[in-house]
Amino acid sequence: MPRMNALTPEQLAVRNRGRRVLILIFVMFFGSMALAGILRFSGWTPQINRNHGPLYEPALDLREQRLLLADGQPYEWNPPARHWRILVAPAADCAPACVTLSQQLDKVWQLFGHNADNVEILWLGTPPAQVAALPALKVLQAQPAFRAQLPGVDDPAGTPVYVIDPNGFVVLRYAPGFEPGGLRADLSRLLKLK
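Scope of this entry: the structure provided in the associated data block. Given the structure is predicted, the values throughout are model-derived calculations rather than measurements.

One pass over the full model with this rule turns up five salt bridges. Note that Arg 85 is salt-bridged to Glu 120, the shortest N-O span being 3.7 Å. Within this pair, whereas Arg 85 is found in strand β4 (residues 84-88), its partner Glu 120 is found in strand β5 (residues 119-124), the two being separated by 35 residues in sequence. Each member of the pair, Arg 85 as well as Glu 120, is classed as buried. Measuring nitrogen to oxygen at the nearest pair gives 2.9 Å for the salt bridge that ties Arg 189 to Asp 186. Here Arg 189 pairs with Asp 186, and both are found in helix α4 (residues 180-191), just three residues apart, close to one helical turn. The class for Asp 186 is buried, based on a relative accessible area of 2%.

Parameters at a glance
- Residues numbered from 1 in each chain as written.
- Predicted model: local features only at pLDDT ≥ 70, side-chain atom pairs only at ≥ 80, totals over all residues.
- Heavy atoms only, no water.
- Salt bridge = Lys/Arg side-chain N within 4 Å of Asp/Glu carboxyl O.
- Helix = DSSP H or I, 4+ residues; strand = E, 2+ residues; numbered from the N terminus.
- Buried < 20%, exposed > 50% of the residue type's maximum accessible area, 1.4 Å probe, protein only.

What follows is the structure, given as structure tokens:
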């Protein structure tokens, strides 16, 4: 007696094709989740989310620091103005390297275009004569206690540069010899957060 539930070869082919599609959907869905998990826990991040300078977490809080401009006036953090700051705290004997660094920072500042008004360059201590004419430069009086709080400020390789947010927190540090384009890229992203 023939079986009533027997499938014809065409029906078997359709059933097998349906199973393959279901397995393919399962593999695509769970495979992509597995790949994302592997990338996430291996520490990989997309290039667009990488900073060129290391991000401080938690950020170094400078809000309580009473900084003075070169003319003796107090420097105000003024968070509502939404100014980002590039801070340079060089050693006293950095004249030739500081001139080069200041030229790089001036180029970075100029490349911000219409956003340049939202970026200040703070120079801690007396800058070399060639540096003092930069339009975005605000010279701060040398304050050794303040300078000592900056992480890695006495780097034997040269002068590091710091990015300070509008509220007065150090959020990024660039090691001596950094690529100015990286500073510009990072700060451009931060300026869009306004």
